[in-house]
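# Topology and contacts: notes
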Amino acid sequence: MKRFVCFLMAVMCILTVCACNGSGSGNKNKIISGSEITPMPSKETEPETETLSSGTESITAALIGMDINKMQIIVKDIYSGNNYVLSYNGGTDVKGYYDEVISMVQLDEGEILDITFDASKKKAKTVYVSKEAFRSGNVTGFKATAASSTITFGSASYMYPDTLVVISDGKILSPAEVMSRDVVTVRGIGNKIYSVTVDKGHGYLTFTGAEDFVGGMVEIGRSFLYTVSKDMMIVVPEGEYEVVMSNNGQEAQKTVYIAKDMTVTMDFSEFKAPANKTGTVEFQILPKDAELFIEGNKTDYSKPVVLEFGTYIINLLSDDYETYTTRITVDSTYQVEKFDLAKIYSASSGNGNTSSTTTAATTTQTTTTQTTTAQKTTAATTTQATTAVNETTAATTGAVKVTIAQPSGAGVYVDNVYMGTAPLTINKDAGEYVITFKQNGYITKSYIVDVDSSDGEQTLSFPAMSEE
């Protein structure tokens, strides 16, 4: 019995010791729910270290070039004027105006684009045709006025910034190099134009062997008519034309194609004028005291006058009538020209045109014949109207002394007429002119300029010529 009691007491002591050890060990043996266990980090679950906008820049720019081999685009920020060369690949997001997915090569030169790119890698991320930009195509009559920074065409008028891009087949131009007959596309935002693309430009037409046509007319495609002058150069819109030259009854016709920025020389040496033909003209003029001037020269008509075939301006002066001016054409070996001033002015007064012929003559070539009345003096200074403009009159008439300083050594043409070699000084009236520069081995260039009469003198300098 005593042994059994001792055994029970021993078991109770052991249990008491175990219980004391468990309560003193804290939470070391606590069972933790599996949902509270935090696993070790893995690569797949690491947080992103770069946000979407980190290192990304955005610009609105005009497309000025593309290299499909290098997969690069060249753009110009329309606001800052900075140029960027950005790479792209198949992952670059490119969209058109209507959010349609397109390829980079479908973008047009001069397009206004909203671009995001990786600033460090200069790599385009998104390239979208700007929804804020407007586009006007097939524009003619384009004119850029530097003094007011305005562009006009038709009835539209816009401003343009210093960052304006003017581009033609990948070549950057100045606004003054766009001719009014060029066909262009303009793009802008709001009331400003930011890019101009020349879709159909102009070339140049010169002539050789055309000496017999100097003083006559040249018609280009039934759209352009010019007086033929020595060494002339005509700015012509690109395209195919029938060119017709005529002078004193002689006519020659050829076909030409004008390419953008190219100069074409047409040879008319095969069309030689026949030996000069002459005709005898009998003038029957009333009153008999009337004086006759042919091309500004006083002429005795008491006997028939021999003239070469051609068209002539004549003036009839009488103390009893206003000066009468008209033209005659000599085209036969003998002809009679009758003029009765009494009948002429009686008929014209009935139509209310008494003085209509008085102002027909202009004054640039002076004859040595002395006259006694103001009317006679006016007639004695009548010009040869068969030549509208030539080197002499173009260089010596006008209220503004215009000096063309640069590019030195280049041939200078003003409205198709050769003036000489720069630097040179000419006199011109205030207005708009097309100035063309030509030099062997260099690209021919034309500019539209406005001659200002405010100071009486104006000096113009243009960029150096570019080699062909």
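Use the structure listed above.
A brief structural summary. (Residues numbered from 1 in each chain as written. Predicted model: local features only at pLDDT ≥ 70, side-chain atom pairs only at ≥ 80, totals over all residues. Heavy atoms only, no water.)

### Some points on the environment of T326
The test is simple: Here a strand is any run of E in DSSP of at least two residues, a helix any run of H or I of at least four, and the numbering for each starts at the N terminus. Whether two residues touch is decided by their heavy atoms; if any such pair falls within 4.5 Å, the residues are in contact.
As for its position among the elements, T326 is in strand 27 (residues 321-330). The spatial distance from the C-alpha of T326 to the C-alpha of Y312 is 8.5 Å, given a sequence separation of 14 residues. Here T326 is in contact with Y312, I313, I314 and F339, once residues within four sequence places are set aside.

### What to know about the sheet that holds strand 18 (residues 233-237)
Rules: Following DSSP output, two strands are said to pair if at least two bridges run between them. The axes are straight lines fitted to the C-alpha atoms, using for helices just the contacting stretch, and the angles between their N-to-C directions are given from 0 to 180°.
One open sheet accounts for 3 strands, arranged 18-15-21; its pairing is mixed. Of all the strands in the sheet, just strand 18 and strand 21 (263-267) have a single pairing partner and so form its edges. Neighbour-to-neighbour, the strand axes of this sheet turn through a mean angle of 30°, independent of strand direction. When strand 15 (residues 202-208) meets strand 21, the two strands line up parallel, connected through 5 bridges. Paired with T208 across the bridge in strand 21 is D267.

### Some details on the sheet that holds strand 16 (residues 217-220)
Pairing is antiparallel across the open sheet formed by 4 strands, whose spatial order is 17-16-19-20. What marks the edges here is a single partner per strand, and that holds for strand 17 (224-227) and strand 20 (250-258). When the angles between neighbouring strand axes are averaged without regard to direction, this sheet yields 20°. Pairing analysis gives 9 bridges linking strand 19 (residues 239-247) to strand 20, with the strands arranged antiparallel.

### Some points on the pattern of salt bridges
Convention followed: Only one rule defines a salt bridge in this text: a Lys or Arg side-chain nitrogen within 4 Å of an Asp or Glu carboxyl oxygen. Accessibility here uses a 1.4 Å probe with only protein chains present; expressed as a share of the type maximum, an area under 20% marks a residue as buried, one over 50% as exposed, and anything in between as partly exposed.
The final tally for this structure, using the stated rule, is 8 salt bridges. For K131, the salt bridge identified is with D99, shortest N-O distance 3.5 Å. You can see K131 sitting in the loop between strand 6 (123-129) and strand 7 (134-139) and its partner D99 sitting in the loop between strand 4 (93-95) and strand 5 (112-118), a full 32 residues away along the chain. A relative accessible area of 46% means that K131 is categorised as partly exposed. Accessibility expressed as a relative area gives 44% for D99, which makes it partly exposed. For K143, the salt bridge goes to D450, with nearest N and O atoms at 3.2 Å. Here K143 is found in strand 8 (residues 143-145), whereas its partner D450 is found in strand 34 (residues 445-451), with 307 residues between them in sequence. It is possible to trace a salt-bridge network through shared partners that takes in K143, E432 and D450.

### Looking at unusual backbone geometry
The omega torsion across Q406 and P407 is 5°, close enough to zero to call that bond cis. Relative to the assigned elements, P407 resides in the loop between strand 29 (400-406) and strand 30 (411-414). The omega torsion of the bond from A422 to P423 falls at 0°, within 30 degrees of zero and hence cis. Position of P423 relative to the elements: it lies in the loop between strand 31 (417-421) and strand 32 (424-428). The backbone of S149 shows a phi angle near 55°, a positive value even though the residue is not glycine. Structurally, S149 is set in the loop between strand 8 and strand 9 (150-153). Residue class for S149 comes out partly exposed when judged on its relative accessible area of 23%.

### With respect to the packing of aromatic side chains
Our working rule: In summary, the pairing rule links any two rings of Phe, Tyr or Trp, Trp by its six-membered ring, whose centres are within 6.5 Å, and it sorts them by plane angle into stacked for under 30 degrees, edge-to-face for over 60 and tilted for everything else. Here, a charge over a ring means that NZ of Lys or CZ of Arg falls within 6 Å of the ring centre while also lying within 35 degrees of the ring normal.
Within the structure shown, the criterion is met by 16 aromatic pairs. Ring geometry for F213 versus F268: centroids 6.2 Å apart, planes at 65°, classification edge-to-face. Here F213 is found in the loop between strand 15 and strand 16, whereas its partner F268 is found in the loop between strand 21 and strand 22 (278-286), with 55 residues between them in sequence. Overall, the relative accessible area of 0% leaves F268 in the buried class. Here the aromatic rings of F268 and F271 are separated by 5.9 Å at their centres, their planes lie at 45°, and the arrangement is tilted. A cation over a ring is seen here: K131 above Y97, with NZ or CZ 5.5 Å from the ring centre. Taking NZ or CZ as reference, K254 lies 5.6 Å from the ring centre of F268, over its face.

### A short note on the pairing of strand 2 (residues 72-77)
With 6 bridges connecting them, strand 1 (residues 56-67) and strand 2 associate as antiparallel partners. Paired with G65 across the bridge in strand 2 is I74. What sits between strand 1 and strand 2 in their antiparallel hairpin is a turn of 4 residues, with M71 showing a positive phi close to 55°. Two strands pair when backbone bridges link them, and strand 2 and strand 3 (residues 83-87) are joined in this way by 5 bridges, in the antiparallel orientation. In the strand pairing of strand 3, V75 is matched with Y84. Hairpin connection of strand 2 to strand 3: 5 residues between the antiparallel strands, including G81 at a positive phi of 85°.

### Quick look at the side chain of R187
Heads up, the condition is: Here a polar contact is recorded for every N or O atom pair within 3.5 Å, except that within protein the pair must consist of a potential hydrogen donor and a potential acceptor, and residues adjacent in sequence are included only if both atoms are side-chain atoms.
With respect to the helices and strands, the residue R187 is situated in strand 13 (residues 183-189). Polar side-chain contacts of R187 include one of 3.2 Å to the side chain of E111. The residues contacting R187, other than those within four sequence positions of it, are D108, E109, G110, E111, I112, F134, R135, I193, Y194, S195 and T197.

These figures capture arrangement, not role.
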